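Reading the structure
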Amino acid sequence: MKSLTDGRSTRWQEHRDSRRRELLRTVRHVVDEHGDDLSMEQISEHSGTTKAVLYRYFTDRAGLQEAMGGWAMQVIANSLDEASASRVPTPDSAGPTPDRRETLEAMIRAFVSLAAESPSIYRFCDQAVGRFDPGEEGGFFREVADLLAERLDLDVTDGRFAGDDGKLWAAGAIGFVRAATETWLSAPGSPEAFAASVSTWLWASLPPEARGAPPTA
């Protein structure tokens, strides 16, 4: 009896997860087409989904924005993984080993590409979950900062940073990228050129040890 119950529970959860992904995909198209300032009632109308269903799966508009932020984070993480996988392995390694600058550039390109291709979705993610509240877990930009610190290996105390300076740098870096991207979106030019400039500025702001250079005297 237990295995039968567990099987039904698993199938129900899989169905619920699939339905949630389907709804989120629909809402992304709605936001992309109609803008980032839609109310739940307008999202319901444009998506052909009742508000009751939206609230059942996402609780409220902030929950929907958080789910959208989670999707955007996965897009950025996947772009980083693809950039790493596309590297040719070095003779001394069994797999691709991107350096920190390449990782930084790949992340900025992924972030800027999301904003350039879907500015309404980008702003929808930003509206409610872009805070850097020290006592709050999650949030789109908080998660981007954590991913940046992890991929650049900045949260390891090995002489490159003192204490939590690596995470502080990552949070400040994403704040800078966020402000620069919002300004750039008001009159966008080449996403590649913009991403390259931002990457160069941020790379220069890292201490020499984090860039792989000998520590200064």
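Residues numbered from 1 in each chain as written. Predicted model: local features only at pLDDT ≥ 70, side-chain atom pairs only at ≥ 80, totals over all residues. Heavy atoms only, no water.

1. A word on the overall build of the protein
Helix and strand counts for the protein stand at nine helices and zero strands. Its helices and strands taken in sequence order, the protein reads α-α-α-α-α-α-α-α-α from the N to the C terminus. When each of the 217 residues of the protein is scored for burial, the buried share is 38%. Contacts spanning at least 24 positions in sequence make up 66% of the contacts within the protein whose residues lie at least 6 apart. In the structure as shown, the protein presents an accessible area of about 11,900 Å², 51% of it carried by carbon and sulfur atoms. (Helix = DSSP H or I, 4+ residues; strand = E, 2+ residues; numbered from the N terminus. Buried < 20%, exposed > 50% of the residue type's maximum accessible area, 1.4 Å probe, protein only. Contact = heavy atoms within 4.5 Å. Areas by Shrake-Rupley, 256 points an atom, 1.4 Å probe, with all protein chains shown as cover.)

2. Remarks on the side chain of Thr49
Looking at where Thr49 falls in the secondary structure, it is placed in the loop between helix 2 (40-47) and helix 3 (51-58). The class for Thr49 is buried, based on a relative accessible area of 10%. With sequence-adjacent residues up to four places away left out, Thr49 is seen in contact with Leu23, Ser44 and Leu54.

3. Remarks on the pattern of salt bridges
Going through the model one piece at a time under the given rule, you end up with five salt bridges. One salt bridge in this structure joins Arg123 and Glu182, with 2.9 Å as the shortest N-O distance. Placement of Arg123 in helix 6 (residues 119-129) and of Glu182 in helix 8 (residues 165-185) is noted, with a sequence separation of 59 residues between them. (Salt bridge = Lys/Arg side-chain N within 4 Å of Asp/Glu carboxyl O.)

4. Describing helix 3
Every buried residue of helix 3 is listed here: Val53, Leu54, Tyr57 and Phe58. Viewed end-on, helix 3 has its buried residues packed into an arc of 105°, placing them on one side of the element. (Arc of directions from axis to C-beta.)

5. Things to note about the confidence of the model for the protein
In the predicted model, the protein carries a mean pLDDT of 81, and 77% of its residues have values of at least 70. For the protein, helix 6 is the element with the lowest average pLDDT, namely 79, and helix 2 is the one with the highest, namely 95. (pLDDT = per-residue confidence, 0-100.)

6. Brief notes about the layout of surface pockets
Empty space within the second largest pocket amounts to approximately 160 Å³. In terms of lining, the second largest pocket is formed by Asp17, Arg20, Arg21, Leu24, Arg25, Arg28, Ala67 and Trp71. At the level of secondary structure, the elements contributing two or more residues to the lining of the second largest pocket comprise helix 1 (2-34) and helix 4 (61-85). Among the elements that take part in the lining of the second largest pocket, helix 1 stands out by supplying six residues, more than any other. Its residues assigned to classes, the lining of the second largest pocket shows three nonpolar, no polar and five charged. (1 Å grid on protein atoms, 1.4 Å probe; cavity = no way out; pocket = protein on both sides within 12 Å on 5 of 7 lines; lining within 4 Å. Points joined across faces, edges and corners; volume = space filled by probe spheres on them. Nonpolar A, V, L, I, M, F, W, Y, C, P; charged D, E, K, R; others polar.)

7. Some details on helix 8
The terminal C-alpha atoms of helix 8, which comprises 21 residues, lie 30 Å apart, in line with the 30 Å expected from a rise of 1.5 Å per residue. Taken as a whole, helix 8 has its buried residues at Gly166, Trp169, Ala170, Ala173, Ile174, Val177, Ala180, Thr181, Trp184 and Leu185. Across the axial projection of helix 8, the buried residues extend over an arc of 135°, all falling on one side. In this structure, helix 8 carries Leu168 and Thr183 as exposed residues pointing more than 90 degrees from its buried face. (Expected span 1.5 Å × (residues − 1).)

8. Digging into a negative patch on the surface
A surface patch of like charges, here negative, comprises Glu66, Glu143, Asp146 and Glu150. At three residues, the largest contribution of residues to the negative patch is made by helix 7 (residues 140-151). Residue position: Glu66 is located in helix 4. (Patch = residues over 30% accessible without salt bridge, like charges linked within 9 Å, V, L, I, M, F, W, Y side chains within 5 Å. Lys, Arg positive; Asp, Glu negative; His and termini not counted. Charge placed at Lys NZ, Arg CZ, Asp CG, Glu CD.)

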